[in-house]
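Structural description and commentary
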Amino acid sequence: MAATVRRQRPRRLACWALMTVLLADLLALSDTLAVMSVDLGSESMKVAIVKPGVPMEIVLNKESRRKTPVTVTLKENERFFGDSAASMAIKNPKATLRYFQHLLGKQENNPHVALYKARFPEHELGFDPQRQTVYFQISPQLQFSPEEVLSMLLNYSRSLAEDFAEQPIKDAVITVPAFFNQAERRAVLQAARMAGLKVLQLINDNTATALSYGVFRRKDINSTAQNIMFYDMGSGSTVCTIVTYQTVKTKDAGIQPQLQIRGVGFDRTLGGLEMELRLREHLARLFNEQRKGQRAKDVRENPRAMAKLLREANRLKTVLSANADHMAQIEGLMDDVDFKAKVTRAEFEELCADLFERVPGPVQQALQSAEMKLDEIEQVILVGGATRVPKVQEVLLKAVGKEELGKNINADEAAAMGAVYQAAALSKAFKVKPFVVRDAVIYPILVEFTREVEEETGVRSLKHNKRVLFSRMGPYPQRKVITFNRYSHDFNFHINYGDLGFLGPEDLRVFGSQNLTTVKLKGVGESFKKYPDYESKGIKAHFNLDESGVLSLDRVESVFETLVEDSPEEESTLTKLGNTISSLFGGGSTPDTKENGTDTVQKPSEKREAGSEGAPPAPEEEKKQKPARKQRMVEEIGVELVVLDLPDLPEDQLARSAQKLQDLTLRDLQKQEREKAANSLEAFIFETQDKLYQPEYQEVSTEEQREDISGKLSATSTWLEDEGFGATTAMLKEKLAELRKLCHGLFFRVEERKKWPERLSALDNLLNHSSMFLKGARLIPEMDQIFTEVEMTTLEKIINETWAWKNTTVAEQAKLPATEKPVLLSKDIEAKMAALDREVQYLLNKAKFAKPRPRPRDKNGTRAEAPLNASTSDQSEKVIPPPGQTEDTKPIPEPEKETGPEAADSEPLELGGPAAESEQKEHLEQPTGQKRTLKNDEL
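Each residue is numbered by its place in its chain's sequence as written, counting from 1. For a predicted model such as this one, the threshold for reporting local features is a pLDDT of at least 70, and the threshold for listing and counting side-chain atom pairs is 80 or more; totals across whole chains, interfaces and linings nevertheless cover every residue. No hydrogens and no water enter the side-chain calculation; it runs on all heavy atoms of the structure.

**Looking at the overall build of the protein**
Within the protein, the regular secondary structure consists of 27 helices and 29 strands. Relative accessible area decides the class of each residue, using a 1.4 Å probe on protein chains only: under 20% of the type maximum gives buried, over 50% gives exposed, and in between gives partly exposed. Going through the 939 residues of the protein one by one, you find that 42% of them count as buried. Whether two residues are in contact is decided by their heavy atoms, any of which lying within 4.5 Å being enough. In the protein, of all internal contacts separated by at least 6 residues, the share reaching a separation of at least 24 is 71%. Residue-level accessible areas treat just the shown protein chains as cover; the underlying method is Shrake-Rupley with a 1.4 Å probe. Surface summary for the protein: the accessible area is close to 54100 Å², and the carbon and sulfur share equals 51%. Runs of E in the DSSP output that reach at least two residues are strands. Runs of H or I that reach at least four are helices, and both are numbered from the N terminus.

**Here's the deal with the sheet that holds strand 25 (residues 515-522)**
An order of 21-20-24-25-29 is seen for the five strands of this open sheet, with the pairing classed as antiparallel. Both edges of this open sheet fall to strand 21 (460-470) and strand 29 (638-643), since each of them pairs with a single strand only. In this sheet, neighbouring strand axes are inclined to one another by 25° on average, regardless of whether the strands run parallel or antiparallel. For two strands to count as paired, DSSP must find a minimum of two bridges between them. Summarising the sheet, strand 20 (residues 445-454) and strand 24 (residues 492-497) pair through four bridges and their orientation is antiparallel. Bridged to E448 within strand 24 is H494. Axis definition: a line fitted to C-alpha atoms, over the contacting stretch in the case of helices. Angles run 0 to 180 degrees between N-to-C directions.

**Remarks on empty space enclosed by the protein**
A 1.4 Å probe that fits but cannot get out identifies a cavity on a 1 Å grid over protein atoms alone, an open set with protein on both sides within 12 Å along at least five of seven lines counts as a pocket, and a residue lines either if it has an atom within 4 Å of a point. Grid points are joined across faces, edges and corners, and a volume is the space filled by probe spheres set on the points. In the structure shown here, the tally under the stated rule is seven cavities of 30 Å³ or more. Size it by volume and the largest cavity reaches roughly 140 Å³. Taken together, 15 residues form the lining of the largest cavity, with Q182, R185, V441, I442 and G549 sitting closest to its centre. Residues are sorted three ways: Asp, Glu, Lys and Arg are charged, Ala, Val, Leu, Ile, Met, Phe, Trp, Tyr, Cys and Pro are nonpolar, and all the rest, Gly among them, are polar. Of the residues in the lining of the largest cavity, the class split is ten nonpolar, four polar and one charged. Each domain's limits were defined by an automated method or a database of domain assignments. Each of domain 1 (35-271 + 359-438) and domain 2 (443-564 + 636-643) contributes no fewer than three residues to the lining of the largest cavity.

**A few points about the pairing of strand 27 (residues 551-564)**
Pairing analysis gives nine bridges linking strand 26 (residues 535-545) to strand 27, with the strands arranged antiparallel. Note on strand 27: the bridge partner recorded for A541 is V556. Between the end of strand 26 and the start of strand 27, which pair antiparallel, lie five residues, with G549 showing a positive phi angle near 80°. Sheet analysis places strand 27 next to strand 28 (residues 629-636), joined by eight bridges and oriented antiparallel. Across the sheet, the residue bridging to T562 is Q631, located in strand 28.

**Observations concerning the sheet that holds strand 6 (residues 79-81)**
Through backbone hydrogen bonds, the strands of a sheet pair up, either in parallel or in antiparallel fashion. Within the open sheet, the three strands sit side by side as 6-5-7. Their pairing is antiparallel. Of all strands in the sheet, those bounded by a partner on one side alone are strand 6 and strand 7 (96-98). Going from strand to strand, the sheet's axes swing by 20° on average, the running direction of each strand aside. Bridging between strand 5 (residues 71-74) and strand 6 involves three bridges; their strand directions are antiparallel. Opposite V72, over in strand 6, you have F81 as the bridge partner. Along the sheet, helix 4 (residues 146-165) makes contact with strand 5, strand 6 and strand 7, crossing strand 5 at roughly 110°.

**Some remarks on the environment of D163**
In this fold, D163 is placed in helix 4. In sequence terms D163 and K62 are 101 residues apart; their C-alpha atoms lie 9.4 Å from each other.

**Some details on the side chain of T688**
The residue T688 is located in helix 19 (residues 651-691) in this model. A 3.5 Å cut-off defines polar contacts: any pair of N or O atoms within that distance qualifies, except that in protein one atom must be a possible hydrogen donor and the other a possible acceptor, and neighbouring residues in sequence count only when both atoms are side-chain atoms. Within the local environment of T688, its side chain forms a polar contact with the backbone oxygen of F684, the two atoms lying 2.7 Å apart. Aside from chain neighbours lying at most four places away, what touches T688 is I709, L713, C743 and F747.

**Quick word on the packing of aromatic side chains**
Working definition: rings of Phe, Tyr and Trp (its six-membered ring) pair if their centres are within 6.5 Å, and the pair is stacked with planes under 30 degrees apart, edge-to-face with planes over 60 apart, and tilted otherwise. The full count for this structure, using the stated rule, is 29 aromatic pairs. Ring geometry for F287 against F339: centres 5.7 Å apart, planes inclined by 85°, an arrangement best described as edge-to-face. Here the residue F287 occupies a position in helix 7 (residues 272-290), and F339 occupies one in strand 17 (residues 337-344), the gap between them amounting to 52 residues. Each member of the pair, F287 together with F339, is buried. Measuring from ring centre to ring centre gives 6.4 Å for F449 and Y487, while their planes differ by 65°; the resulting arrangement is edge-to-face. With F449 in strand 20 and Y487 in the loop between strand 23 (478-484) and strand 24, this pair connects stretches of sequence that are 38 residues apart. Judged by relative accessible area, which is 6%, Y487 ranks as buried. Counting every residue linked through ring pairs, the aromatic cluster contains F179, F180, F266, Y443, Y497, F502 and F511. Look at NZ for Lys and CZ for Arg. If either is within 6 Å of the ring centre and within 35 degrees of the ring normal, a charge sits over the ring. Here the basic side chain of R472 rests over the ring of F502, its NZ or CZ set 3.7 Å away from the ring centre. Residue placement shows K735 over the ring face of W719; its charged tip is 4.9 Å from the ring centre.

**Notes on the nonpolar core**
Grouped together as the largest cluster of nonpolar side chains are 128 residues, with contacts concentrated most on F230, Y245, F484, F493 and F543. There are two domains that each give this core at least three residues, and those are domain 1 (35-271 + 359-438) and domain 2 (443-564 + 636-643). In plain words, nonpolar cores are sets of buried Ala, Val, Leu, Ile, Met, Phe, Trp, Tyr and Cys residues tied together by side-chain atoms within 4.5 Å. Listed in part, the 45 residues of the second largest apolar core include C240, M275, A328 and V395.

**Thoughts on unusual backbone geometry**
The peptide bond linking Y476 to P477 adopts the cis configuration, its omega dihedral lying at 10°. Relative to the assigned elements, P477 resides in the loop between strand 22 (475-476) and strand 23. With a phi close to 55°, E371 is a non-glycine residue in the positive phi region. Tracing the sequence through the fold places E371 in the loop between helix 11 (361-370) and strand 18 (379-383).

**Notes on the pattern of salt bridges**
Should a side-chain nitrogen of Lys or Arg be within 4 Å of a carboxyl oxygen of Asp or Glu, the pair is scored as a salt bridge. Applying the stated rule across the entire model yields 44 salt bridges. Linking R79 and D668 is a salt bridge whose minimum nitrogen-to-oxygen distance equals 2.7 Å. Placement of the pair is R79 in strand 6 and D668 in helix 19, with a sequence separation of 589 residues. For the pair formed by R79 and D668, the shared burial category is buried. In this structure, E791 engages K846 in a salt bridge whose closest nitrogen and oxygen atoms are separated by 3.0 Å. Note that E791 is positioned in helix 23 (residues 789-815) and K846 in helix 24 (residues 826-849), a separation of 55 residues in sequence. The same class applies to E791 as to K846, namely buried. Within the structure, one salt-bridge network assembled from shared partners comprises R119, E274, R278 and D354.

**Let's talk about the packing of helix 23 against helix 24**
One can describe the packing of helix 23 onto helix 24 by two numbers: an axis separation of 11 Å at closest approach and a directional angle of 160°. By the angle between their axes, helix 23 is roughly antiparallel relative to helix 24. The interaxial crossing formed by helix 23 with helix 24 has left-handed handedness. Taken together, the residues of helix 24 that come into contact with helix 23 (itself represented by E791, T794, L795, I798, I799, T802 and W805) are D828, I829, K832, L836, E839, V840, Y842, L843 and K846. Counted by class, the contact of helix 23 with helix 24 contains nine nonpolar, two polar and five charged residues. The labels follow the angle: roughly parallel below 35 degrees, roughly antiparallel above 145, roughly perpendicular from 65 to 115, and oblique for the rest. Helix crossings are classified by the rotation of the near helix relative to the far one: an anticlockwise turn of less than a right angle makes the crossing left-handed, while a clockwise turn makes it right-handed.

**Overview of the confidence of the model for the protein**
You can read pLDDT as the predictor saying how much it trusts each residue, on a scale of 0 to 100. Per-residue pLDDT for the protein averages 83, and the proportion of residues at 70 or more is 80%. In this model, residues 1-31 is a region of pLDDT below 50 whose contacts with residues beyond four sequence positions or in other chains number nine contacts. Contacts for the low-pLDDT stretch residues 584-623, under 50 throughout, to residues beyond four places or in other chains number 16 contacts.

**Quick word on helix 2 (residues 82-91)**
For the α-helix, the turn length of 3.6 residues means that residues three or four positions removed from each other point alike. When helix 2 is considered as a whole, its buried residues turn out to be G82, D83, A85, M88, A89 and I90. Contact partners of the buried residues in helix 2: strand 4 (68-69), strand 5, strand 6, strand 7, helix 4 and helix 8 (303-320).

**A word on the side chain of S235**
Examined against the element boundaries, S235 turns out to sit in the loop between strand 13 (226-233) and strand 14 (238-250). Excluding anything up to four places from it in sequence, S235 contacts S42, E43, Y99, G271, G272, L273 and E274.

**Some details on a negative patch on the surface**
A cluster of acidic residues, E682, E721, D722 and E723, forms a negative patch on the protein surface. The dominant element in the negative patch, judged by the number of residues it contributes, is helix 21 (residues 703-723), at three residues. Within the element layout of this structure, D722 appears in helix 21. Here, patches come from residues exposed beyond 30% relative accessible area and free of salt bridges, joined within 9 Å for like charges and within 5 Å for nonpolar side chains (Val, Leu, Ile, Met, Phe, Trp, Tyr). Charged-residue counts in this description rest on Lys and Arg as positive and Asp and Glu as negative, His and the chain ends being excluded. The atoms used to mark charge sites are NZ of Lys, CZ of Arg, CG of Asp and CD of Glu.

**Here we look at the pairing of strand 11 (residues 171-176)**
For strand 11, the buried fraction is high: six of the six residues fall into the buried class. Relative to strand 11, strand 1 (residues 35-40) runs parallel, the two being bridged by three bridges. Its bridge partner being in strand 11, M36 is matched across the sheet by A172. Pairing geometry for strand 11 and strand 12 (residues 198-204), over six bridges, is parallel.

Written out as structure tokens, the structure reads:
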């Protein structure tokens, strides 16, 4: 039979091309189907993920908790994170690092560095002369910068997210405090880069909280502006934010909800940690007073004791939020001496009286920056763990003048949920409902430069200029272009912070350098020499304040323009092509077409001016010149950046840090693998020794076999205790493989005997049902028969062979002793069942989709009836009643169907099952004159 080659249709080719593109997109997105968010707090962090089938979910850590301590313990040969590291803070306080985010982006002379040393004197901070920053000196050989420690923690958070999502994750949105400046934000980005994370956005934690609040209340947002104040007091700082919610009209998605940050106020050091430190100092004083006459050392000089007191102070602060007093108690605080003292809420509030006085400060700052009054605020919502302190709520309620404070938001997880929603919106793998976010610039940024000016007397002098680039409380992300005129040679300009008068003197010292970058331009003079006949439109610097709030200088260009006159015959090829296409589609004339020299095409129905109908254009008009057009030339200018606030890590040092962290991660993974191998070996020894005394194992083994196995297990257990500490992972796995091989026969015999009853019962049921099915199939009348003789004979053969195999194998197995390898195997039973079930299922499917055969007509056109001599009992024997139906019940009559050529042609071609296919091909004959037509789309 000759093969037919069909030409692919153009539409089908286009479909294949589209499918190829979609498949490529899916393959590109396969590695990024899950995204994560990290709400990085001072004391704890929350990790959330979005993946297909999981809209937004908080990740549980290894201890099944929803939040993880931001704590890292670094030792010579191992690292601990989260709860494990927090428990190590008492045993090894020097190697356990907490609140290290307070050192990000800060130089050694920053007041916060001195504050960190005072709070945690057990840590030794080294000095980096290159960047003027500090690092943690764990030991002479072990030192890490704050960025490296944060990178470890981000990598750990990703491992938690990947375990929870069961797939790799690379894309993340990380929350940062709203008061972070440029240096601090760049430090977080560098830490994420060391960890190999792709940061979709650094989102302010107050913005993430506001987004979470708005997403879950989307239906309540309308065109009327709603002003909500969020008061967030966490462990390390306090931020107050005023947010306006309302619906706006967008270009792409129509009317959508929007949140706009209107005002922000903050206090960098007001939080739960400072309260705990006050309590720790109080408890230390009480303990020293209890041991005053014993010539004991000051408890403040003992880092372990101070770590215990800080942990107790944290618990005490939580309990006093719900109780008037509580008993603080620590066993073996120092020198095996227990500590016990009663602390009341009144004492706690007295210790923190000056802190509570600072609670209204962020509220006033937020109102001032938003230029709003308290009566314009509809609701004040509490966020953050420290807002649970009753005195904080009392002072805040009085400051805002409201009847009550809103507590209708998850104070711990709101930022994480908002951040992960933003991660899904920024990811290409998900489609979420749009929610417009307009964040606000906290610190204004301006450009400063000097240029020569000529005064009236002819004297030239230097004039200092300032131009605001991004104003305070202005929205971002956004791009800005600054144009420098009157420059024809290389020059410098400076990017600095603007007016920071809203910060107090102490906050300004903590803020650091107010100078960001000096930009040195090279190639300005050469650009003017290159285009001497062109008019300069200035030097244009393109700035970008991206979604993360990080400023960058994209490029600097020197722009020139001149007028160029074109003759009519110089019409471009592109213009001609455009005019041709326009005429093909009946396009009318526009003002642009007149400028391009195209004539107006008028329709017959259009009115024309009197006296001009049918008049050809004048020759002067044909030769009329086109108006001059502007030609624009852009020349790229070289840029050299001098960072003034905090130099970024050099690329080589960044690569070394990333490699160091990868090596530590690999070491941790190897250690975990070794521990897993040792645990598996130890568990196998104990479990197998216990099984040797169980009856089901003793039944299938001899005394000699059990003694041999027991001896090998005892020898391996002794080796593990004596030499296991120095054994490698490969050695442990090899020992386990040897024991499993030794016990394989014993375990196999037990498992087979457990499977026999269920497998044999299932085989018997299948054989019985198959036999009943075959019997019913043979009783179908010949006129209604849908199965061929080959198919039924094949099924009968398989049934008989399976019965014979089962009886023979069971008999052979009964003769064998239980300690020998069985001949009746569960896998063989399953194979026999699968072969029989496959043949029966084929016949059932054929019966399900079979069409009733047309009955032949006699010469008079009536249907043939059953023979008159056929008795009722003979006909009834050919019908098998279904289960639950008596023989007296009449079966439903088969509906009549018109016969004809079309019905005959539509009769399906009968093919046998898998086992009968080869035999049936020999018995089937193609009816004369009937040909099966193949459709074009059939393969």
